[in-house]
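# An overview of the molecular structure
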Amino acid sequence: MFDAEKTYSVIVDWLREKVSAAGAKGGVFGLSGGIDSAVVAGLSKEAFENNTLALIMPCHSSKADMEYANMVAEKFQIRTKTVYLDETFDVLVNELGDDPFSKSLAVSNIKPRLRMIILYYYATKYDYLVIGTGNKSELTVGYFTKYGDSGVDLLPLGNLVKNQVRELAKYMGVPDEIIKRPPTAGLWQGQTDEKEMGITYEQLDRYILTGKAEKEAAKKIDYMKRKSAHKRQTPPIPSV
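Described in the following lines is the structure provided in the data block. Every chain is numbered on its own, with residues counted from 1 as its sequence reads. Reporting of local features is limited, given that this is a predicted model, to residues whose pLDDT is at least 70; pairs of side-chain atoms are given and counted only at 80 or more, and all residues count toward the totals for whole chains, interfaces and linings. For side-chain calculations, the full set of non-hydrogen atoms in the structure is used, while hydrogens and water are omitted.

## Points about unusual backbone geometry
Threshold: Secondary structure elements are defined from DSSP: runs of H or I of at least 4 residues count as helices, runs of E of at least 2 residues count as strands, and each element is numbered from the N terminus.
A positive phi angle, close to 50°, is found at glutamate 49, a residue other than glycine. With respect to the helices and strands, the residue glutamate 49 is situated in the loop between helix H2 (35-48) and strand S2 (52-56). For histidine 60, which is not glycine, the phi dihedral falls at a positive 55°. By the element assignment, histidine 60 lies in the loop between S2 and helix H3 (63-76).

Structure representation (C-alpha cells):
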C-alpha cells in the first residue's frame, strides 16, 4: 500500500538534506503544467519555502500548458519566471537546416536541452540545485531526453511510478484538472507519452512493480529498457 503522507515527508527531508550537503541555498525546476512538475513544485516549496524558483519555458507550447503551470504556481505560492524559447529554438533549428515544426526526435529533443541550459543558468545565479521531474516509469524505459530533462542534480520522484505520483499529487492538493491531464512531454502539438511509447502507464507501472504484463507489452518494455540503458549510466571510461 502506497503511503502518500510518509512519502511526502521523506522526500521533503531528502531534498533539504541533499541541498544542504551541496552547500546550496534552494532549488530551481521547470514547471510545465504536467503532474510531475506540479508535484515537484509542491515538494520544493515545502522544502525550501522562499528559496524555490519555478521556470516556465514555453517553446511552441500550447496555451493550456502555460495556464496549468501558472495554476500550480498560484496553488503553492511559488515564485516563477517565464523564459520564452520559441525564437531561440527556431534560429537554432533553421541554422541546422531543419524544420522547427518537425516531429523528428532530433529536432524535438532540442527543446528540453534548451530548457536544461536555462535551468542551470538560474541555478548558478542563485546558488540553487536543479530539481528534475522524472519518475521511475519514465526512467525505467528511457522516456526522457539525454542531457535534456535528465540533465538535473536531484530526482525526487525517481523511485515513484506514475500512479504513485498521481496518489502523491492527490494528497498534496494538486488541482484535479492537472492530475487528469493526458501525460505529455510537449515535444509537438498533440503529442502524448502513451501514444509515443506505445504502452500505457498502467501497463508499465504494473510490470515495474510486479513483473507482470501482457506478452507484447512486456516485450516492448524490455526492448525500451535495453535500448535506453546508456541513458541511465555515466559515460563509459576505458581501463588504460
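## Topic: the nonpolar core
We count it as follows: Remark: nonpolar core denotes a set of buried residues (Ala, Val, Leu, Ile, Met, Phe, Trp, Tyr, Cys) joined through side-chain atoms within 4.5 Å. A simple rule labels every residue: compare its accessible area, found with a 1.4 Å probe on the protein chains alone, to the largest value its type can have, and call it buried under 20%, exposed over 50%, or partly exposed in between.
In this structure, Leu31, Val39, Leu43, Leu168 and Val174 are the most contacted members of the largest nonpolar core, which totals 36 residues. Going through the elements one at a time, helix H1 (4-21), H2, S2, H3, helix H8 (162-172) and helix H9 (176-179) are the ones with two or more residues in this core. By residue number, the principal contributor to this core is H2, which donates eight residues. Residues Leu53, Val83, Val107 and Tyr128 belong to the second largest nonpolar core, which totals 19 residues.

## So, the environment of histidine 230
Going by this rule: Two N or O atoms count as a polar contact when they lie within 3.5 Å, although within protein this holds only if one can serve as hydrogen donor and the other as acceptor, and sequence-adjacent residues are included solely when both atoms are side-chain atoms.
Topologically, histidine 230 is positioned in the segment after helix H12 (215-227). With 88 residues separating them in the primary sequence, histidine 230 and glycine 142 have C-alpha atoms 8.9 Å apart. In this structure the side chain of histidine 230 is engaged in a polar contact, spanning 3.0 Å, whose partner is the side chain of lysine 146.

## Things to note about the packing of aromatic side chains
This is how the line gets drawn: Only rings of Phe, Tyr and Trp enter the pairing, Trp through its six-membered ring, and a pair is recorded when the two centres are within 6.5 Å. The plane angle decides the type: under 30 degrees is stacked, over 60 is edge-to-face, the rest tilted. Here, a charge over a ring is recorded when the distance from Lys NZ or Arg CZ to the ring centre is within 6 Å and its angle to the ring normal is within 35 degrees.
Taken as a whole and assessed by the stated rule, the structure comprises four aromatic pairs. Ring geometry for tyrosine 122 against tyrosine 126: centres 6.2 Å apart, planes inclined by 15°, an arrangement best described as stacked. Remark: tyrosine 126 and tyrosine 122 occur in helix H6 (residues 110-126); sequence separation between them is four residues, near one turn of the helix. Judged by relative accessible area, which is 7%, tyrosine 122 ranks as buried. A relative accessible area of 29% means that tyrosine 126 is categorised as partly exposed. Ring geometry for tyrosine 126 and tyrosine 128: centres 5.7 Å apart, planes at 35°, overall tilted. Through pairs of rings, three or more aromatic residues link up here, namely Tyr121, Tyr122, Tyr126 and Tyr128. The ring of tyrosine 126 carries the charged tip of arginine 79 above its face, separated from the ring centre by 5.3 Å. Its guanidinium or amino end placed over the ring of phenylalanine 144, lysine 231 lies 5.1 Å from that ring's centre, counting from NZ or CZ.

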